[in-house]
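# Residue-level structure breakdown
The residues making up each chain are set out below.
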Amino acid sequence: MSARDIAVLAELHQEKIAPITYELLGCARALAEAAGGDVVAFLLGGHVEALAGQLAAADRIITVEDPALAGFSPEPYLNVLENLLQTETPRVVLLGSTTIGLDLASLVGARIQAPVVTGCTRLQLAGEQLTVLSHLYAGKMCAEVEVTRLPAICVMLPGSYRERKEGGRGQVEVRPCEAPLPAGAVTFEKMIFPEAGDIDITQQDILVAVGRGIKQQENIELAEELAEALGGAVCASRPVVDQGWLPTTRQVGKSGMTVKPKCYLALGISGAPEHQEGMKNSHLIVAINSDPKAPIYDIAHYGAVVDLMDLAPVLTEKLKARKNV
Amino acid sequence: MKISVVIRQVPDLIEPLTINSTGTWIDYEEAMFLVNEYDDHALEQALLLKEAHGGTVTAVALDFGDVEETLYAAAAKGVDRIIKIPYTGEKSPSPLEAAPLFAPVIASTSPDLVLVGVQSYEELQGTFAPYLAHALKLPYAGLIQGVEAAGEGFVRAYKEFPGAAKALLRVQLPAVLGILSASKPPRYVPISRVRAAMKEAHFEEQEGPLGEPAPGIHVKRLFYPEVSGRAEILEGSEEDIAAKIIQIFEEKGVIS
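Cut-off values and rules
- For every chain, the first residue of its written sequence is number 1, and the numbers climb from 1 along that sequence.
- Starting at A for chains and at 1 for ligands, labels are handed out in the order in which the entities are written.
- Selection of residues for local features in this predicted model requires a pLDDT of at least 70, selection of side-chain atom pairs for listing and counting requires 80 or more, and totals for whole chains, interfaces and linings are taken over all residues.
- With hydrogens and water excluded, all non-hydrogen atoms of the structure serve as input to the side-chain values.
- Elements are defined by DSSP. Helices are runs of H or I of four residues or more, strands are runs of E of two residues or more, and each kind is numbered from the N terminus.
- Per-residue accessibility, obtained with a 1.4 Å probe over protein chains only, is compared with the maximum for each type, and a residue is labelled buried under 20%, exposed over 50%, and partly exposed between these values.
- Only heavy atoms enter the contact rule, under which two residues are in contact if any of them lie within 4.5 Å.
- Reported accessibility uses the Shrake-Rupley method at a 1.4 Å probe radius. Residues are deemed covered only where the shown protein chains occlude them.
- Two residue types count as positive, namely Lys and Arg, and two as negative, namely Asp and Glu; His and chain ends fall outside the count.
- Note that the charge is assigned to NZ on lysines, CZ on arginines, CG on aspartates and CD on glutamates.
- Between any two strands, pairing holds if DSSP finds at least two bridges.
- For helices, the fitted axis covers only the stretch in contact; all axes are lines through C-alpha atoms, and the angles between them, taken along N-to-C directions, range from 0 to 180 degrees.
- To estimate the expected span of a helix, count its residues, drop one, and scale the result by 1.5 Å.
- Orientation is classified from the angle alone, with under 35 degrees giving roughly parallel, over 145 giving roughly antiparallel, 65 to 115 giving roughly perpendicular, and any other angle giving oblique.
- All amino acids are sorted into three groups, where Ala, Val, Leu, Ile, Met, Phe, Trp, Tyr, Cys and Pro are nonpolar, Asp, Glu, Lys and Arg are charged, and the leftover types, Gly among them, are polar.
- With its strands directed away from the observer, a crossover is right-handed exactly when the path from the first strand over the helix to the second travels clockwise.
- Polar contacts, as used here, are pairs of N or O atoms within 3.5 Å; protein pairs need one atom able to donate a hydrogen and one able to accept it. Residues neighboring in sequence count only if both atoms are side-chain atoms.
- Pairing of aromatic side chains requires ring centres within 6.5 Å, counting the rings of Phe and Tyr and the six-membered ring of Trp. Pairs whose planes differ by under 30 degrees are stacked, by over 60 edge-to-face, and all others tilted.
- Patch definition: residues with relative accessible area over 30% and no salt bridge; like charges joined within 9 Å; nonpolar side chains (Val, Leu, Ile, Met, Phe, Trp, Tyr) joined within 5 Å.
- Here a salt bridge means any side-chain nitrogen of Lys or Arg lying within 4 Å of a carboxyl oxygen belonging to Asp or Glu.

Here the focus is the overall build of chain B. Broken down by element type, chain B carries six helices and 13 strands. Structurally, chain B occupies a C-alpha span of about 65 × 45 × 45 Å along its principal axes. With 256 residues in all, chain B has 56% of them scored as buried. Looking at chain B alone, contacts between residues at least 24 apart form 72% of all its contacts between residues at least 6 apart. By element, 49% of the accessible surface of chain B is carried by carbon and sulfur atoms, the whole surface being about 10900 Å². Each charge class in chain B was averaged separately, 22 positive and 36 negative side chains, and the resulting centres sit 8 Å apart.

Further remarks concern the sheet that holds strand S6 (residues 113–117) of chain B. In space, the ten strands of this open sheet follow the order S12(A)-S9(B)-S8(B)-S7(B)-S10(B)-S6(B)-S1(B)-S4(B)-S5(B)-S11(B), with mixed pairing throughout. Each edge of the open sheet carries a strand with a single partner, namely strand S12 (186–192) of chain A together with strand S11 (203–205) of chain B. Each strand of the sheet is rotated relative to its neighbour by a mean of 35 degrees, with strand direction disregarded. Sheet topology places S6 of chain B next to strand S10 (residues 175–181) of chain B; five bridges connect them, and they run parallel.

With 17 residues, helix H8 (residues 308–324) of chain A extends 24 Å from end C-alpha to end C-alpha; this agrees with the ideal 24 Å at 1.5 Å per step. Where H8 of chain A is concerned, the buried positions are Leu-308, Leu-311, Ala-312, Val-314, Leu-315, Thr-316 and Leu-319 of chain A. Where H8 of chain A is buried, its residues meet helix H4 (220–230), strand S15 (263–267) and strand S16 (285–288) of chain A together with helix H6 (238–251) of chain B.

What follows deals with the packing of helix H2 (residues 67–77) of chain B against helix H5 (residues 191–200) of chain B. A pair of packed helices can be characterised by two numbers: the angle between their axes and the separation between those axes. Residue and element names in this part refer to chain B. Contact geometry of H2 with H5 gives a least axis separation of 8 Å together with a crossing angle of 105 degrees. Relative to H5, the element H2 is oriented roughly perpendicular. Residues Tyr-72, Ala-73, Ala-75, Ala-76 and Lys-77 of H2 pack against Arg-193, Val-194, Ala-197 and Met-198 of H5. Residues belonging to the contact of H2 with H5 are distributed by class as follows: seven nonpolar, no polar and two charged.

Residues and elements named next belong to chain A. As for its position among the elements, Lys-323 is in helix H8. With relative accessibility at 54%, the residue Lys-323 sits in the exposed group. Sequence-wise, Lys-323 and Leu-230 are 93 residues apart; in three dimensions their C-alpha atoms are separated by 9.9 Å. Not counting chain neighbours up to four residues away, the residues in contact with Lys-323 comprise Glu-228 and Ala-229.

Looking now at the pairing of strand S4 (residues 56–62) of chain B. Residues and elements named next belong to chain B. Judged by how many residues are buried, S4 sits mostly within the fold: six of seven residues are covered. Here strand S1 (residues 2–7) pairs with S4 via six bridges, running parallel. Along S4, the bridge assignment pairs Ile-7 with Ala-61. As defined by bridge partners, S4 adjoins strand S5 (residues 81–85) across five bridges and the pair is classed as parallel. Within the sheet, the bridge partner assigned to Ala-61 lies in S5 and is Lys-84. Each parallel crossover has a hand, and for S4 linked through H2 to S5 it is right-handed.

Residue and element names in this part refer to chain B. Within helix H4 (residues 128–136), seven of the nine residues are buried, which leaves it mostly tucked inside the rest of the structure. By the burial criterion, the buried members of H4 are Phe-128, Ala-129, Pro-130, Tyr-131, Leu-132, Ala-133 and Leu-136. Where H4 terminates, the next one or two residues include Lys-137, which has phi positive at roughly 55 degrees.

To continue, consider the side chain of Gln-9 of chain B. Residue and element names in this part refer to chain B. Structurally, Gln-9 can be placed in strand S2 (residues 9–11). A distance of 3.0 Å separates the side chain of Gln-9 from the backbone nitrogen of Asp-66, its partner in a polar contact. A distance of 2.7 Å separates polar atoms of two side chains, one belonging to Gln-9 and the other to Thr-70. For Gln-9, the contacting residues outside a window of four places in its chain are Phe-33, Leu-34, Val-35, Asn-36, Phe-64, Gly-65, Asp-66, Val-67, Thr-70 and Glu-122.

Looking now at the sheet that holds strand S10 (residues 152–156) of chain A. Overall, mixed pairing links the ten strands, which are arranged S11(A)-S5(A)-S4(A)-S1(A)-S6(A)-S10(A)-S7(A)-S8(A)-S9(A)-S12(B) in an open sheet. Strands with a single pairing partner mark the edges of an open sheet, and in this sheet they are strand S11 (171–174) of chain A together with strand S12 (217–223) of chain B. Neighbouring strand axes in the sheet, compared pairwise and without regard to direction, differ in orientation by 30 degrees on average. Alignment of strand S1 (residues 6–9) of chain A against strand S6 (residues 92–96) of chain A, held across three bridges, turns out to be parallel. Of the residues in S6 of chain A, the one forming a bridge with Ala-7 of chain A is Val-93 of chain A. Helix H1 (residues 19–35) of chain A contacts S1, strand S4 (39–45), S6, strand S7 (116–126) and S10 of chain A of the sheet and is inclined by roughly 180 degrees relative to S1 of chain A.

It is worth spelling out the packing of aromatic side chains at this point. Residue and element names in this part refer to chain B. In the structure shown here, the tally under the stated rule is nine aromatic pairs over all chains. Judged by centre distance (6.0 Å) and plane angle (10 degrees), the rings of Tyr-28 and Phe-33 are stacked. Look at Tyr-28 and you get buried, because its relative accessible area is 11%. Phe-33 sits in the buried class, given a relative accessible area of 17%. For the pair Tyr-28 and Phe-64, a centre-to-centre distance of 5.4 Å together with 80 degrees between the ring planes defines the contact as edge-to-face.

Once that is clear, we can look at a negative patch on the surface. Residues and elements named next belong to chain A. Where like charges cluster on the molecular surface, the negative patch consists of Glu-221, Glu-224, Glu-225 and Glu-228. Tracing the backbone shows Glu-228 in helix H4. For Glu-228, a relative accessible area of 62% corresponds to the exposed category.

We now examine the pattern of salt bridges. Residue and element names in this part refer to chain A. In the structure shown here, the tally under the stated rule is 33 salt bridges over all chains. A salt bridge links Arg-175 to Glu-88, with the nearest nitrogen and oxygen atoms 2.8 Å apart. With Arg-175 in the loop between S11 and S12 and Glu-88 in helix H2 (residues 74–88), this residue pair connects regions lying 87 residues apart in the sequence. Taken together, the shared-partner salt bridges connect Arg-29, Glu-33, Asp-38, Asp-59, Arg-164 and Arg-169 into one network.

Set out below in structure tokens:
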């Protein structure tokens, strides 16, 4: 590896390569094609060598296996990543804005004293200068950031780059750990999956989604009535679930489910990047939000800048009346 | 268990954000402030742990924005001790600048557990929670959705994963946890109790050194996202809009 290379931390979810990994590889390939260098993927886990062939968009794939890497806990991953960055000296390191990437980016940045930029959506590399576009303020602002000290660690928002699954040399290099990794003070015990029994929102054709604009728990009923009239189900963005108004099985977005229904009717959802991640591929998106600058309108097909509390009952009544004709 | 909680203020996104005269950050003169949502969850988690297992909760806050209102509410909720860190900067400090400000003050409370919101939507140059853990030389895990005591010197923490899954982590104390959400929603505190706290609460003050800005990072400009204009906006009364939505649903085969 040389100081011109672009490194990607591959992520696993339920023992499979997580989709964000292919987006990171898409970004890395674009940078390497424009500014030179190899794309190098770091693949860490308990047993990962068999998965390395799926990262053919990278020129090199470095695998590190250890029992302490079998489930994610920050310390062992941090130690391996720090070691890899010091020996491989890439000029840009890409991590996902995910439960793993957000834990590691600033920790490793602090250890190797590298700049860290979060919320990245677009990267441009020219020589030793990296230009980054980032989202902040829940997608209501963008920043153009110049990074003049490399290596830089960039935390990429999901959906920013197209996935790449090939195009690299795909050489696999197994990097053994010299000694078993210490577990650290934070240890992974087990994964807990949501209990079955509730509606599976990933299988619904029509979803009525509620966000902060629903204001109170009692108002969820408006969405439920509307969903019933449409023959769909109610789901929500994270703040509504955090309030305990709907179960986690109904949550759409980074923390919840990824859905692709025939119709996604978003009520009072601003459309923060974390929410968009879970629903942007819906076939038809209709957004109701009183804020005309809400980012949800960037991805919705149709929108109405009105108060959902005024519109939802009218829409429900019209749908019911239509059925009764 | 001695728990310290970080409290930060952020601009309220309900109000329109304006960009400052240099074009490089928002104009705080125009902003309304509220507590960082994730810090509010961190505070709630601390109070839940205290109520279940005893101990003390110390809130450590940067004196920025309308922090006193938030701290009076924290006192009304049951926080035992409140420490304000003086700060005169015009903009909120970046994560790397803030970590050295908070670290010595938090260290002085000798906490078993430090709870801090996992992120704030103002963060651009890394995230504060892991930088704070690094400055305190304590282990860290973030995107935590609930914390429980797990015997002397340990807690169990539930870490977010996609698909509403969670990883169960066993955490040896002392440690820093980046909170995404508390085990229960943040509690409502009646205004009468906040008013009482305004008369009775005592805020201590402790200083910390402002950290250096992130190396090699320069915000060239801040701008509003370009609206793609992809959404076709439906105009008219609620009746008109509802009729148009139904027509779209019919045309797209959503309803028959």
